[in-house]
Amino acid sequence: MKNFLVVGIGPHARRNHLPTLAAGRAAGLVGTVIGVDLTHTAEDIAAFNAAAGGIRIPVTFIAPFDPACRTLPAAVRDTLDALVREYAIDAVVVSTEPAFHMVYTHWALDRGLSVLLDKPLSVHVNCSVDPDRAASILTDFDEVLDRYEAVRRVHPEVLVAVQCQRRHHPAFLRMRELIAEMAQETNCPVTSVQSFHSDGQWRMPNELLDISYHSFDQGYGKCAHSGYHFFDIVPWLLRAGETPGKELDSVEVHANFSRPGDFLAQLDLDDYARLFPEFEEANPYTEKQLIAATESFGEVDAFVSMVYKSGGRTMTLGSINLVHNGFSQRGRFAPAHANLYKGNGRVRHESHILQQGPFQAIHFHSLQTLGGDEQDGDAYGIGSQGHIEVHVFRNSGFKSRWKKYETLDYDALTTVSASGLDEPTQSSSRRRAVEEFLEYVNGRRRREEMSSELVDHRRGSTLMAGAYLSAARQWVGGPSIARLDFREQGDGATRPGSRRSGGGAPHLMDVPL
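Residues numbered from 1 in each chain as written. Predicted model: local features only at pLDDT ≥ 70, side-chain atom pairs only at ≥ 80, totals over all residues. Heavy atoms only, no water.

(A) A look at the nonpolar core. Residues Leu 5, Tyr 104 and Tyr 468 are the most contacted members of the largest nonpolar core, which totals 115 residues. In terms of residue count, the dominant contributor to this core is helix α8 (residues 222-239) (10 residues). Non-local contacts of Leu 5, meaning those with residues more than four positions away in its chain, are made with Ile 34, Gly 35, Val 36, Leu 80, Leu 83, Ile 89, Ala 91, Val 92, Val 93 and Trp 107. (Core = buried A, V, L, I, M, F, W, Y, C linked by side-chain atoms within 4.5 Å. Buried < 20%, exposed > 50% of the residue type's maximum accessible area, 1.4 Å probe, protein only. Helix = DSSP H or I, 4+ residues; strand = E, 2+ residues; numbered from the N terminus. Contact = heavy atoms within 4.5 Å.)

(B) The arrangement of the pairing of strand β13 (residues 388-394) in detail. With respect to burial, β13 is a largely interior element, 5 of its 7 residues being buried. Pairing of strand β12 (residues 360-367) with β13 involves 7 bridges; the strand directions are antiparallel. Its bridge partner being in β13, Phe 364 is matched across the sheet by Val 390. In this structure, β13 lies alongside strand β14 (residues 405-408), joined through 4 bridges in antiparallel fashion. Bridging across to β14, Val 390 finds its partner in Leu 408. (Pairing = 2+ DSSP bridges.)

(C) Representation of empty space enclosed by the protein. By the definition in use, this model includes 6 cavities of 30 Å³ or more. As a volume, the second largest cavity reaches approximately 50 Å³. Leu 116, Ala 161, Val 162, Gln 163, His 168, Ala 433, Glu 436, Phe 437, Met 450, Ser 452 and Glu 453 together form the lining of the second largest cavity. Elements with a minimum of two residues in the lining of the second largest cavity: β6 (160-163) and α14 (426-441). For the lining of the second largest cavity, a count of residues per class yields 6 nonpolar, 3 polar and 2 charged. (1 Å grid on protein atoms, 1.4 Å probe; cavity = no way out; pocket = protein on both sides within 12 Å on 5 of 7 lines; lining within 4 Å. Points joined across faces, edges and corners; volume = space filled by probe spheres on them. Nonpolar A, V, L, I, M, F, W, Y, C, P; charged D, E, K, R; others polar.)

(D) Region of interest: the pairing of strand β7 (residues 192-198). By the criterion of burial, β7 is predominantly enclosed, with 5 of the 7 residues buried. Where β7 lies against strand β10 (residues 313-323), 7 bridges are found, and the strand directions are parallel. In the sheet register, Ser 198 faces β10, and the bridge partner there is Val 323. For β7 and strand β11 (residues 349-356), the ladder comprises 7 bridges, and the chain directions are antiparallel. Along β11, the bridge assignment pairs Gln 194 with Ile 353.

(E) Looking closely at the confidence of the model for the chain. Considering every residue of the chain, the mean pLDDT works out to 91; 91% of them sit at 70 or more. Every residue in residues 373-380 is under pLDDT 50, and counting partners more than four places away or in other chains gives 18 contacts. Counting contacts from residues 490-506, a segment whose pLDDT is below 50, to residues more than four positions away or on other chains yields 38 contacts. (pLDDT = per-residue confidence, 0-100.)

(F) Seen up close, the sheet that holds strand β5 (residues 114-118). Read from one edge to the other, the open sheet built from 6 strands follows the order β3-β2-β1-β4-β5-β6, with strand pairing classed as parallel. Edge positions in the sheet fall to β3 (59-62) and β6, since each has one partner strand and no second. Mean inter-strand twist for the sheet, computed between neighbouring axes without regard to direction, equals 20 degrees. Looking at chain direction, strand β1 (residues 2-7) and strand β2 (residues 30-38) are connected through 5 bridges and run parallel. Within β2, the position partnered with Leu 5 by the bridge is Ile 34. Of the strands in this sheet, β1, β2 and β3 are in contact with helix α3 (residues 74-87), which crosses β2 at around 165 degrees. (Axes fitted to C-alpha atoms, helices over the stretch in contact; angles between N-to-C directions.)

(G) How the structure looks around the packing of aromatic side chains. As enumerated under the stated definition, the model contains 15 aromatic pairs in all. Their ring planes at 65 degrees and their centres at 6.1 Å tell us that Phe 65 and Tyr 104 sit as a pair that is edge-to-face. Placement of Phe 65 in the loop between β3 and α3 and of Tyr 104 in helix α4 (residues 101-110) is noted, with a sequence separation of 39 residues between them. Ring centres of Trp 202 and Phe 276 lie 5.6 Å apart, and the angle between their planes is 50 degrees; this geometry places the pair in the tilted category. Remark: Phe 276 occurs in the loop between α10 (269-275) and α11 (279-282) and Trp 202 occurs in the loop between β7 and α7 (207-210); sequence separation between them is 74 residues. Note on Phe 276: relative accessible area 7%, which makes it buried. An aromatic cluster of at least three residues, connected via ring pairs, comprises Trp 202, Tyr 272, Phe 276, Phe 279 and Phe 333. Above the plane of the ring of Tyr 148 lies Arg 152, whose end atom (NZ or CZ) is 5.8 Å from the centre. One cation-aromatic arrangement involves Arg 176 over Trp 236; the distance from NZ or CZ to the ring centre is 4.3 Å. (Phe/Tyr/Trp six-rings, centres within 6.5 Å; stacked < 30°, edge-to-face > 60°. Lys NZ or Arg CZ within 6 Å of the ring centre and 35° of its normal.)

(H) A look at the sheet that holds β10. With mixed pairing, the 9 strands of this open sheet are ordered in space as β14-β13-β12-β11-β7-β10-β9-β8-β17. Two strands bound the open sheet, and with one partner strand each, they are β14 and β17 (481-485). Sheet twist, expressed as the average angle between the axes of neighbouring strands with direction ignored, equals 10 degrees. Across the face of the sheet, α8 comes into contact with β7, β8 (250-258), β9 (301-310), β10 and β11 while running at roughly 150 degrees to β10. Here helix α15 (residues 458-475) sits on the sheet in contact with β8, β9 and β17, set at roughly 55 degrees to β8.

(I) Geometry of α3. Spanning 14 residues, α3 covers 20 Å between terminal C-alpha atoms, matching the ideal 20 Å at 1.5 Å per step. Within the sequence span of α3, burial applies to Val 76, Leu 80, Asp 81, Leu 83 and Val 84. Along α3, the residues classed as buried sweep out an arc of 160 degrees about the axis, all on the same side. Of the residues in α3, the exposed ones pointing more than 90 degrees away from the buried face are Ala 75, Arg 85 and Glu 86. Where α3 is buried, its residues touch β1, β2, β3 and α4. After α3 finishes, the residue Ala 88 shows a positive phi value of roughly 50 degrees. (Expected span 1.5 Å × (residues − 1). Arc of directions from axis to C-beta.)

Structure representation (structure tokens):
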């Protein structure tokens, strides 16, 4: 059994990583599990351990440090190194604030430790207002990939996996199969894709400043919070439709952001005072103070347009639209949970519409009416926690053997694996992502069978960086479109001017920074 160090014991790790690690212990895959977190979380983690119902974890606390650090401070590094020696750690789960993902990954790789890395791979403070920091998201990917390749020459068993659960989701797996089938028959790629995600996170104006978890105060927001899932899954789906001569090699990205100042204009403080009788007494800020304090905060909502090209020709038009400020079931001013991560009326609405020329259309819809852990009466009815549908349309006029319409619901998408039911839910898919990593570390799965290894994340990193680069350039009065190299690792992505071939901004194909 392998021993694991979990860096970051926040709400995400508690909800997703720790239960699966506990189940892995029962399955003989996990030995010791220890944690590391910041000193100011000690009281909260003590309460979690006291109420965890068997998921208890010893945690070592470290002092906070600047997210701009490129290496761990000596005291933090020494503490982690001592834990690795004392507990014979085999692998590391990195589940921290995203700005710290890279520094911990580099540290783990330097020790020859495999890593399960939360998304996004990297983000930089103020990347939505600073083009250099936005471009650094790309530099970070190439740096960690260089390190990974170097370490594997010494420790060939080391793996970096990125936890992007939609790659494990039965609906997305089936959609990818359908795209590949049609591409094989017609040589037609995906010609357009529209993706939308809303998590219904209604923040009160004072919470923009008072609650920092998954907030906007670091100069980034929705694109970095959950947006990477969509920057990842869209290229993953598109890849199934690429055929020789029609490989995507560049992308043009244009982003429109709404920021806290815009959010405060949509519903101003007078509106909140009318909506919530307690607001004026509870809110300590004036509208002028809030607008000034949040001026350079990150995005609340982001609508991002893409043009995917091959050899200068447009193959696919796309959009990824990401919303915090969407339909919600929050009905009271005071939050039920202080971090706003889950619950508090958050409601997920997600859709993807893909067109494969005149041959095929695929519609994915996952819709909730209740938020958090609440349930509707009908477990699989419209808007319930379990509601999911994939609609498949095929051109039966062109080929009569094609079924003109098929709908795949929750039951049709549920599959059976060695670990039990793989349900078409995000929680089941997150569990499967962690299980896959545990299987690899224990020698029960080959590298070639991994769904989300680091080397397969260049395109997702490129889209996320492109969104921030477009927004940051607009912030400083520059061009609004970022044109980026979109070739995958192994497809000739190294080119003159890229970092991996000797300097410059990686992937950037238009205006030098």
